[in-house]
Amino acid sequence: MKRILPVILFLLSLLATGTQGWCQDEDQGLRTVGARIGWMATARNSYIHQYDAFFDYGLPWSVRNKDGWGLAMQLKGSLGALHGAGETGFIGAVGPGVVFDKAGGKGVVIELGGDANFLSRDNFGWVDLDGHVLWDGHIGISYRFAAGPGIGYQFQHMSNGGLNGHINTGLDLHMLLVTWSLH
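Residues numbered from 1 in each chain as written. Predicted model: local features only at pLDDT ≥ 70, side-chain atom pairs only at ≥ 80, totals over all residues. Heavy atoms only, no water.

A. Examining the sheet that holds strand S8 (residues 133–144) more closely. Spatial strand order, S1-S2-S3-S4-S5-S8-S9-S10: 8 strands in a closed barrel with antiparallel pairing. Each strand of the sheet is rotated relative to its neighbour by a mean of 25 degrees, with strand direction disregarded. Pairing between strand S9 (residues 149–159) and strand S10 (residues 171–181): 10 bridges, direction antiparallel. In the sheet register, Tyr153 faces S10, and the bridge partner there is Leu176. (Pairing = 2+ DSSP bridges. Helix = DSSP H or I, 4+ residues; strand = E, 2+ residues; numbered from the N terminus. Axes fitted to C-alpha atoms, helices over the stretch in contact; angles between N-to-C directions.)

As structure tokens, this is what we get:
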């Protein structure tokens, strides 16, 4: 807890203060909705898939150059299912993300984020995720064809982070995304 407190205080100070580079423009509001399918990136005793629907909500903090390229903060959420060894469980996630893209246009989008994941079950055959609350970190790249459709790839690592008393190896997933941009 002593190591986490300075990080939390730093993030809260960023939210409480603003600079001229931070703006409240078209990055705000519901930005993207979509669906993802994921498959395991590393071999385990049981094979696990993830299926979910997600949204990206743009927060009012972004830094962009005059051409529109820059960084924007967002809140992400998803609802879906984990399936493995003939067993299916609910998974819901919420967390922050940072996006590098061109505002309001088509093109490449690079995303980095982390979520708190809530699972209805933590055992899938021989795979024990050791907890109903897991943390993930992900990095991805997408392409927006225009205002509307897009496709993408995301690599995601999910684990309990040692919070349940045991460190597990976690779950690494390749995620394929189909998106719809609302801006």
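B. Focus on empty space enclosed by the protein. Applying the stated rule across the entire model yields 2 cavities of 30 Å³ or more. When its volume is computed, the largest cavity comes out at roughly 260 Å³. Around the largest cavity sit 20 residues that line it, and Thr32, Asp56, Gln74, Val109 and Arg144 are the ones nearest its centre. Elements that contribute at least two residues to the lining of the largest cavity include exactly strand S1 (29–40), strand S2 (48–64), strand S3 (69–84), strand S4 (87–102), strand S5 (107–119), S8 and S10. (1 Å grid on protein atoms, 1.4 Å probe; cavity = no way out; pocket = protein on both sides within 12 Å on 5 of 7 lines; lining within 4 Å. Points joined across faces, edges and corners; volume = space filled by probe spheres on them.)

C. Geometry of the nonpolar core. Ile48, Leu82, Leu119, Leu129, Met158, Leu171 and Leu173 are the most contacted members of the largest nonpolar core, which has 15 residues in total. Elements supplying a minimum of two residues to this core: S2 and S10. Among the elements that line this core, the one with the most residues is S10, at 4 residues. Once you skip the residues sitting within four places of it in the chain, Leu129 turns out to touch Leu82, Leu119, Asp122, Phe124, Leu134, Asn160, Asn168 and Leu171. (Core = buried A, V, L, I, M, F, W, Y, C linked by side-chain atoms within 4.5 Å. Buried < 20%, exposed > 50% of the residue type's maximum accessible area, 1.4 Å probe, protein only. Contact = heavy atoms within 4.5 Å.)

D. Region of interest: the pairing of S5. Sheet topology note: the S4/S5 ladder contains 8 bridges and is antiparallel. Note that in S5 the partner of Gly97 across the bridge is Gly113. In this antiparallel pair of consecutive strands, S4 and S5, the connection spans 4 residues, and Gly104 shows a positive phi of 65 degrees.

E. Quick peek at the packing of aromatic side chains. Per the stated rule, a full pass over the model turns up 2 aromatic pairs. Considering the side-chain rings of Tyr143 and Phe145, the 5.2 Å spacing of their centres and the 70 degrees angle between planes classify their relative orientation as edge-to-face. (Phe/Tyr/Trp six-rings, centres within 6.5 Å; stacked < 30°, edge-to-face > 60°.)

F. Seen up close, unusual backbone geometry. A positive phi is found at Ala85, a non-glycine position, where the angle reads about 55 degrees. Locating Ala85 in the fold gives a position in the loop between S3 and S4. For Ala85, a relative accessible area of 43% corresponds to the partly exposed category. One non-glycine residue, Asp130, lies in positive phi territory at about 55 degrees. Position of Asp130 relative to the elements: it lies in the loop between strand S7 (127–128) and S8.

G. Structural context of the pairing of S2. Relative to S2, S1 runs antiparallel, the two sharing 10 bridges. Pairing of Arg36 across the sheet is with Asp52, part of S2. As paired strands, S2 and S3 are joined by 14 bridges and run antiparallel to one another. Following the sheet pairing, Ala53 is matched in S3 by Leu79. Turn length for the S2-S3 hairpin, with the two strands adjacent in sequence and antiparallel, is 4 residues, and the turn residue Gly68 shows positive phi of about 100 degrees.

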